[in-house]
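# Close look at the chain arrangement
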Amino acid sequence: MKQFTYMVTLLISTLLTAPGAFAASSEVTWTDYKSYRDINAGNENRKSFRERIFRDFEKHFAKLAATLPEGQVLKIDVTDVDLAGDTNAAGIHRTRIVKQIYSPRMNFSYQLLDADGKLVQSDEVVLKDMNFMSGSNLKYRHKSLGYEKKMLDVWFDKTFKDLRVKK
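Residues numbered from 1 in each chain as written. Predicted model: local features only at pLDDT ≥ 70, side-chain atom pairs only at ≥ 80, totals over all residues. Heavy atoms only, no water.

## Remarks on the overall build of the protein chain
A tally of regular secondary structure across the protein chain gives three helices and four strands. For the protein chain, with 167 residues in total, the buried portion stands at 35%. Excluding contacts between residues fewer than 6 apart, the proportion of contacts in the protein chain whose partners are at least 24 apart in sequence is 68%. (Helix = DSSP H or I, 4+ residues; strand = E, 2+ residues; numbered from the N terminus. Buried < 20%, exposed > 50% of the residue type's maximum accessible area, 1.4 Å probe, protein only. Contact = heavy atoms within 4.5 Å.)

Next up, the structure:
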């Protein structure tokens, strides 16, 4: 019996101290992705590229949502994506070429729900970062979707600045 009590106590204390165990969460829907402006893979398989990109965005939205109050849910419905750069400019070997004229864009709507499922706030969002190559403070410099993540961070910080939980 002591062994069982010890295990339950250990499990409960682990859950209570785990970072983000009770943080907000996110749900991302990719609406009509075949009509997105630019989610071209270049030389990579289109399906695997799209799935990898979507997973990467979903992880980033989850990371951002984790800074919101406990129990809240951030629901995102993505309706358009235009990745930084262009694959058409690359010639026969379709690699993504990133130049200032090919800025990242993303259109989506969001709903932020509280722990009881009540709407806290919502909006239709059209993001475009025309100055995505300016400045030296790109914390995602060597990461996939670095320009897009920076753009999302700026939007999130402005939109939810009063709701974020300090950790």
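## A look at the confidence of the model for the protein chain
Chain-level pLDDT for the protein chain is 81 on average; 79% of the residues reach the 70-or-more range. Across the protein chain, the element-wise mean pLDDT spans from 38 in helix 1 (residues 2-17) up to 97 in strand 3 (residues 105-113). (pLDDT = per-residue confidence, 0-100.)

## Some words on the sheet that holds strand 3
Strands sit in the order 1-2-3-4 across an open sheet of four strands; the sheet is mixed. Where the open sheet ends on each side, the last strands, each with one partner, are strand 1 (25-30) and strand 4 (119-128). Averaged over all pairs of adjacent strands, the angle between their axes in this sheet comes to 15°, without regard to strand direction. As paired strands, strand 1 and strand 2 (residues 73-82) are joined by six bridges and run parallel to one another. Its bridge partner lying in strand 2, Ser25 is registered against Val73. Each of strand 1, strand 2 and strand 3 touches helix 2 (residues 46-65); the most contacted strand, strand 1, lies at about 150° to it. Along the sheet face, helix 3 (residues 146-160) touches strand 2, strand 3 and strand 4 and points at about 35° away from the line of strand 3. (Pairing = 2+ DSSP bridges. Axes fitted to C-alpha atoms, helices over the stretch in contact; angles between N-to-C directions.)

## Remarks on the packing of aromatic side chains
If you walk through the whole model with that rule in mind, you get 12 aromatic pairs. When the centroid spacing of 4.8 Å and the interplanar angle of 50° are considered together, the rings of Phe156 and Phe160 count as tilted. Of this pair, Phe156 and Phe160 both sit in helix 3, separated by four residues, roughly a single helical turn. Accessibility classification places Phe156 together with Phe160 in one group, the buried group. In this structure an aromatic cluster arises from ring pairing among Phe61, Phe108, Tyr110, Trp155, Phe156 and Phe160. (Phe/Tyr/Trp six-rings, centres within 6.5 Å; stacked < 30°, edge-to-face > 60°.)

## Some thoughts on helix 2
The terminal C-alpha atoms of helix 2 lie 28 Å apart, and with 20 residues this matches the ideal 28 Å at 1.5 Å per residue to within 8%. Taken residue by residue, helix 2 has Phe49, Arg50, Ile53, Phe54, Asp56, Phe57, His60, Phe61, Leu64 and Ala65 as its buried positions. Residues of helix 2 that are buried make contact with strand 1, strand 2, strand 3 and helix 3. (Expected span 1.5 Å × (residues − 1).)

## Observations concerning the pairing of strand 4
Across nine bridges, strand 3 lies against strand 4 in antiparallel orientation. Among the inter-strand pairings, Gln111 is bridged to a residue of strand 4, identified as Ser122. With antiparallel pairing between neighbouring strands as the criterion, strand 3 and strand 4 make up a hairpin whose turn holds five residues, including Gly117 at a positive phi of roughly 85°.

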